Amino acid sequence: MDGSDQRQYPLGMEAGVHKVVAPPRQSTVVKLKGKMKETFFPDDPFRSFKGQPARQKWLLAVKYLFPILDWAPRYSFSLFKSDLVSGLTIASLAIPQGISYAKLASLPPIIGLYSSFVPPLVYAAFGSSRDLAVGPVSIASLIMGAMLRQAVNPSTDPFLFLQLAFTSTFFAGMVQASLGILRLGFIIDFLSKATLVGFMAGAAIIVSLQQLKGLLGISHFTTEMGIVPVMSSVFHTTDEWSWQTILMGICFLAFLLLTRHLSMKKPKLFWVSAGAPLASVIISTLVVFLFKAQKHRISVIGQLKCGLNRPSWDKLLFDGTYLGTTMKTGLITGIISLTEGVAVGRTFASLKGYQVDGNKEMMAIGLMNVVGSCTSCYVTTGAFSRSAVNHNAGCKTPMSNVVMAMTVMVTLLLLMPLFAYTPNVVLAAIIIVAVIGLIDIQAAYHIYKMDKVDFLVCICAFLGVIFISVQEGLAIAVGLSIFRILLQITRPKMVILGNIRGTDIYRNLHHYKEAQRIPGFLILSVEAPINFANTNYLNERIKRWIEEEQCAESKVTSLQYVVLDLSSVTTVDTSGIAFFMDLKKTIEKRGLELVFVNPIGEVMEKLQRANELHNFFGTDSLFLTISEAVISLSSFIKLSP
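Nothing here was measured: the structure is a model prediction, and the numbers come from that model. (Residues numbered from 1 in each chain as written. Predicted model: local features only at pLDDT ≥ 70, side-chain atom pairs only at ≥ 80, totals over all residues. Heavy atoms only, no water.)

Trainee: Talk me through the overall build of the chain; I want residue IDs and the actual numbers.
Mentor: Assigned secondary structure in the chain consists of 25 helices and nine strands. Looking at the chain residue by residue over its 641 residues, the buried ones come to 52%. For the chain, the exposed area adds up to about 30,100 Å²; of that, 64% sits on carbon and sulfur atoms. For the chain, the separation between the mean place of its 56 positive charges and that of its 41 negative charges on side chains is 10 Å. (Helix = DSSP H or I, 4+ residues; strand = E, 2+ residues; numbered from the N terminus. Buried < 20%, exposed > 50% of the residue type's maximum accessible area, 1.4 Å probe, protein only. Areas by Shrake-Rupley, 256 points an atom, 1.4 Å probe, with all protein chains shown as cover. Lys, Arg positive; Asp, Glu negative; His and termini not counted. Charge placed at Lys NZ, Arg CZ, Asp CG, Glu CD.)

This is how it looks when you write it as structure tokens:
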């Protein structure tokens, strides 16, 4: 049963049989270069540089680093008119949301407006998405506030809390920019769709429950994130509930929900829901001012100073006492906000038919957070709600972000005293309506219908967030996703193939009922890479199949050939080659012969090298197709006595 029997043909060749050819030989350097390119540059971002003169290459390089130089020279007044409308529209949403999200992060409201001024200007210069509207977002605000409150109480030491927020933003930006510069964007792919759907829904519920403090007028509220302590805090402080606050909250919450519903039913009226938050702020501020409602247990924001962002690089705190907290907070908020920003940018790019460079987006978002941390801003990214409004308003270029930033600048310079009477209950209502869109029941239902394991990951993320904490819930979901990947690697799919009568097609016996076994053959297909993590499993599984086959042997024909279809095996390591050699020896001890079918690329190359060293398979053990292997070997099948 080794290659020395009476059949002598060229490697993998028999009369009428196609030859299995090894791939062209390449040097190790060439292979490494190819793998590095596919790993870090799968989109080949520098293909436009090929064949260009040196001057043109330098120009393209500058445009690559500063995308604004690509669209600004072609900018026209007609484009500006569209961007002006879009910018003013998203500014009407960004101003109340900025104030609200800053309070969600336990930061002064003014920080939310600062974060809606500088970062959009940075993104306009470095970002590649035409639709992304930059600013603070609810989930990152929630996570930052929750994690930093574990180290510092913002009520007793607000300055230290602010320092930690800026430092965490700095680390978030460094993580994001590093992922883009090092072309490591695939790391964020570990946050699967199922994980994100469950996580976002859970976080949206936690954010909404946290707003009960503002909606009910409660002064002493828990700082914990879980649903149990939040609800416990709500019902243990019923004496603090304010009916005036509750009435105002219900009215404005109903108004915001109504405008949201109207815009969803009639997309052309998107401006209604976009302007509703600002309208709510204006109306509620007038009501409080005219009726002196602050004297009737309705809390207000208070005085906000006019002026633009102050430098904050001197407030970055790298003290060892809090370094671990700020680095961890920066890492988690950086990854979450980066995932959201890149996903939103790609979504709207696909709708308009243009490409967004993921790694370039990471660099742009990272840079704006690094700059933001030095200019009194906290972590920002592209928010879905603002970007959707920007898209629907007809934006053409990132100039809409500049228009929004200029509008916020005017607000910071001239209009801040007007927010002194803005009630906190309206900000709570704005946040609740903003995060409702993060609960995607339809997506969860689709996941349930398509993949029950993915749905389990989704539910674990959801329950982990609402019952434990935001970061632990995310960690559980990511852990389950990685565990599933490890299971797929260590327990690869392997099936028995049979022939569909009248054809040369071989398919899974359990999938195609018309597929039939070939007497004397056990035809197996491995549908995954073979490596050190799964060779033991494959070895045991094949042995068990052989034993089952021999126990159920036909009286006419006994099992003589084990055919291993390697068409779906893309890679194999040294452990995989050792597995092939051991498997061949084991099979030969049982009086059988192992045959390989269609080893491709790297697998064929390594098999050939192993054969040169160990001569472990014969010249007739390789075939291009299963059909050719069966036809060629059938004449050697021995009938049972």
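Let us keep going from here.
Trainee: Before we move on, can you summarise the side chain of glutamine 176 with the specific residues and values?
Mentor: Counting through the fold element by element, glutamine 176 comes out in helix α8 (residues 158–181). A polar side-chain atom of glutamine 176 sits 2.9 Å from a polar atom in the side chain of serine 337. Discounting chain neighbours no more than four positions away, the residues touching glutamine 176 are Gly334, Ser337, Leu338, Met362, Met363, Ile365, Gly366 and Asn369. (Polar contact = N/O pair within 3.5 Å; in protein donor to acceptor, adjacent residues only side chain to side chain. Contact = heavy atoms within 4.5 Å.)

Trainee: Pulling in residues and values, what's your account of the pairing of strand β8 (residues 593–597)?
Mentor: Extensive coverage of β8 is indicated by the burial of five of its five residues. The two faces of β8 match: Glu593, Val595 and Val597 on one face and Leu594 and Phe596 on the other face are all buried. With five bridges connecting them, strand β7 (residues 561–565) and β8 associate as parallel partners. In the sheet register, valine 562 faces β8, and the bridge partner there is leucine 594. In this region the chain leaves β7, passes through helix α23 (residues 574–589) and returns to the parallel neighbour β8; the handedness of that crossover is right-handed. As paired elements, β8 and strand β9 (residues 622–623) share two bridges and run parallel to each other. In the sheet register, phenylalanine 596 faces β9, and the bridge partner there is leucine 622. (Pairing = 2+ DSSP bridges. Right-handed = clockwise from strand over helix to strand, strands pointing away.)

Trainee: Requested: an account of the packing of helix α20 (residues 452–467) against helix α21 (residues 470–490), with residues and values cited.
Mentor: Between α20 and α21, the shortest axis-to-axis distance is 7 Å and the interhelical angle comes to 160 degrees. Judged by the angle between their axes, α20 and α21 are roughly antiparallel. Read as a crossing pair, α20 and α21 show a hand that is right-handed. On α21, the residues touching Val453, Asp454, Val457, Cys460, Ala461, Gly464 and Val465 of α20 are Val470, Gly473, Leu474, Ile476, Ala477, Leu480, Ser481 and Arg484. By residue class, the composition of the contact of α20 with α21 is 10 nonpolar, three polar and two charged. (Axes fitted to C-alpha atoms, helices over the stretch in contact; angles between N-to-C directions. Parallel < 35°, antiparallel > 145°, perpendicular 65-115°, else oblique. Left-handed = near helix turned anticlockwise from the far one by under 90°. Nonpolar A, V, L, I, M, F, W, Y, C, P; charged D, E, K, R; others polar.)

Trainee: Before we move on, can you summarise empty space enclosed by the protein with the specific residues and values?
Mentor: Considering all chains together, one arrives at two cavities of 30 Å³ or more under this definition. Roughly 40 Å³ of internal volume is contained in the second largest cavity. The wall of the second largest cavity is formed by Ile496, Leu497, Arg517, Ile518, Phe521, Leu522 and Ile523. Those elements giving two or more residues to the lining of the second largest cavity turn out to be β3 (494–500) and β6 (521–526). Looking at the lining of the second largest cavity, its residues break down into six nonpolar, no polar and one charged. (1 Å grid on protein atoms, 1.4 Å probe; cavity = no way out; pocket = protein on both sides within 12 Å on 5 of 7 lines; lining within 4 Å. Points joined across faces, edges and corners; volume = space filled by probe spheres on them.)

Trainee: An account of the packing of α23 against helix α24 (residues 601–614) is requested, with residue identities and associated values reported.
Mentor: Between α23 and α24, the shortest axis-to-axis distance is 11 Å and the interhelical angle comes to 60 degrees. Regarding the angle of α23 to α24, the classification is oblique. Crossing handedness for the pair α23 and α24: right-handed. Contacts between α23 and α24 involve Ile577, Phe580 and Met581 from the former and Lys606, Leu607, Ala610 and His614 from the latter.

Trainee: How would you explain the nonpolar core if you had to name every residue and give the values?
Mentor: Among the nonpolar cores identified, the biggest contains 109 residues, and Leu107, Phe199 and Tyr378 are the most heavily contacted of them. Aside from chain neighbours lying at most four places away, what touches phenylalanine 199 is Ile139, Ile143, Ile336, Ala461, Val465, Val470 and Leu474. (Core = buried A, V, L, I, M, F, W, Y, C linked by side-chain atoms within 4.5 Å.)

Trainee: Give me the lowdown on unusual backbone geometry, citing residues and values where you can.
Mentor: Phi angles above zero are rare outside glycine, and arginine 183 is one such case at about 60 degrees. Turning to its location among the elements, arginine 183 is positioned in the loop between α8 and α9 (193–210). Note on arginine 183: relative accessible area 7%, which makes it buried. One non-glycine residue, asparagine 598, adopts positive backbone phi at about 50 degrees. Along the chain, the position of asparagine 598 falls in the loop between β8 and α24.

Trainee: So what's going on with a nonpolar patch on the surface? Which residues, and what values?
Mentor: A cluster of nonpolar side chains, Phe186, Ile187, Phe190, Ile482, Ile485, Leu486 and Ile489, forms an exposed patch at the surface whose accessible area comes to about 540 Å². Relative to the helices and strands, isoleucine 485 is located in helix α21. A relative accessible area of 36% means that isoleucine 485 is categorised as partly exposed. (Patch = residues over 30% accessible without salt bridge, like charges linked within 9 Å, V, L, I, M, F, W, Y side chains within 5 Å. Salt bridge = Lys/Arg side-chain N within 4 Å of Asp/Glu carboxyl O.)

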